[in-house]
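Listed below, chain by chain, are the residues.
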Amino acid sequence: MPGPPATAKGAATSRRILDAAAEEFALRGIAGARVERIVQAARTNKAQLYGYFGNKDALFDAVIADAARRMMDVAPFDAADLPGWAVRIYDENLTHPEMVRLATWVRLERQPSGPLADETATHDAKVAAITTAQDAGLLRPGDPNDMIAMVIAMACAWSPVSSAYAASPADPAADHDRRRAYLRESVRRAVAP
């Protein structure tokens, strides 16, 4: 398994590769993505890509892990504020639609059922936090896994994978405010004890 870059220049190249790969994979999926397009967009070469990431599948895994870290940084999980978490996910999907597209490609090409990714420690922490909140009477009883799935689905109602309407940053601010308020209230009601 390749290791992380040893220099600042290498780290910058690795970052450009991840960013270019995220765009390529989001648009075309794993099978449709081309390493040639990724290295051209990243202003590097195949040797560096393979040196940092091993192969195209490992690069896709790195892109997914990077996207998950970004989502956790921007929309940190808070079992005491699931409505706020849902709104943060809505906003992140709005500003970074490639993230939900990447998740869709995982579903289409790798993992059609079951958990989306193997993030056991992160997921287990969410389940434990919901269980604690349920035990304290802050959230309704029920399977924490189902609650997480439902809140994420509600937050993605206007995402690029919506079969009804995909929101855009170009939509009027009032529309986004209305959706955020509706989402916040809907999640609050859905998880209330």
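Residues numbered from 1 in each chain as written. Predicted model: local features only at pLDDT ≥ 70, side-chain atom pairs only at ≥ 80, totals over all residues. Heavy atoms only, no water.

Just checking my understanding: could you explain the overall build of the protein chain for this structure?
The number of helices and strands found in the protein chain is nine helices and zero strands. Helices and strands in the protein chain line up, N terminus first, as α-α-α-α-α-α-α-α-α. Taken along the three principal axes of its C-alpha coordinates, the protein chain extends 55 × 40 × 30 Å. Taken across its 193 residues, the protein chain has 37% of its residues classed as buried. The contacts in the protein chain between residues at least 6 apart in sequence include a share of 63% that link residues at least 24 apart. Where the 23 positive side-chain charges of the protein chain centre and where its 24 negative ones centre are 5 Å apart. (Helix = DSSP H or I, 4+ residues; strand = E, 2+ residues; numbered from the N terminus. Buried < 20%, exposed > 50% of the residue type's maximum accessible area, 1.4 Å probe, protein only. Contact = heavy atoms within 4.5 Å. Lys, Arg positive; Asp, Glu negative; His and termini not counted. Charge placed at Lys NZ, Arg CZ, Asp CG, Glu CD.)

How should helix α2 (residues 35-42) be read in this particular structure?
Regarding α2, the residues found buried are V35, I38, V39 and A42. Seen end-on, α2 carries its buried residues on one side only, within an arc spanning 90°. When the buried face of α2 is taken as reference, the exposed residues oriented beyond 90 degrees from it are Q40 and A41. Buried residues along α2 sit in contact with α1 (8-32), α3 (46-53) and α4 (56-74). Downstream of α2 by one or two residues, R43 has phi in the positive range, about 55°. (Arc of directions from axis to C-beta.)

Looking at this model, I keep getting lost on the pattern of salt bridges. Mind explaining?
Side-chain pairing between opposite charges can occur once the charged atoms of the two side chains come close. Tallied over the full model, the rule gives 16 salt bridges. R69 is paired through a salt bridge with D66; the nearest N and O atoms lie 3.7 Å apart. Residue R69 and its partner D66 are located together in helix α4, separated by three residues, close to a single helical turn. The exposure class of R69 is partly exposed, given its relative accessible area of 48%. Since its relative accessible area comes to 13%, D66 is described here as buried. Salt bridges here are not isolated pairs; linked through shared partners, they connect R15, D19, D66 and R69. (Salt bridge = Lys/Arg side-chain N within 4 Å of Asp/Glu carboxyl O.)

What is the right way to look at the packing of α1 against helix α6 (residues 97-109) in this model?
In contact at an axis separation of 9 Å, α1 and α6 are set at 20° when each is read in the N-to-C sense. As far as their axial angle goes, α6 and α1 are roughly parallel. Between α1 and α6 the crossing geometry is left-handed. On α6, the residues touching A22, F25, A26, L27, R28, G29, I30 and A31 of α1 are E98, R101, L102, W105 and E109. A class-by-class count of the residues in the contact of α1 with α6 yields eight nonpolar, one polar and four charged. (Axes fitted to C-alpha atoms, helices over the stretch in contact; angles between N-to-C directions. Parallel < 35°, antiparallel > 145°, perpendicular 65-115°, else oblique. Left-handed = near helix turned anticlockwise from the far one by under 90°. Nonpolar A, V, L, I, M, F, W, Y, C, P; charged D, E, K, R; others polar.)

Looking at this model, I keep getting lost on the packing of aromatic side chains. Mind explaining?
Each aromatic ring pair is characterised by the separation of its centres together with the angle its planes make. Inspection of the entire model under this criterion finds four aromatic pairs. Aromatic side chains F25 and F60 sit 5.0 Å apart centroid to centroid with 85° between the ring planes, which places their arrangement in the edge-to-face category. Residue F25 is found in helix α1, and its partner F60 is found in helix α4; the two are separated by 35 residues along the sequence. Residue F25 shares its accessibility class with F60, and that shared class is buried. The interplanar angle of 85° and the centroid separation of 4.8 Å between the aromatic rings of F77 and W85 together place this pair among those described as edge-to-face. Just as F77 is buried, W85 falls in that class too. (Phe/Tyr/Trp six-rings, centres within 6.5 Å; stacked < 30°, edge-to-face > 60°.)

Remember, this is a structural readout, not a statement about activity or role.
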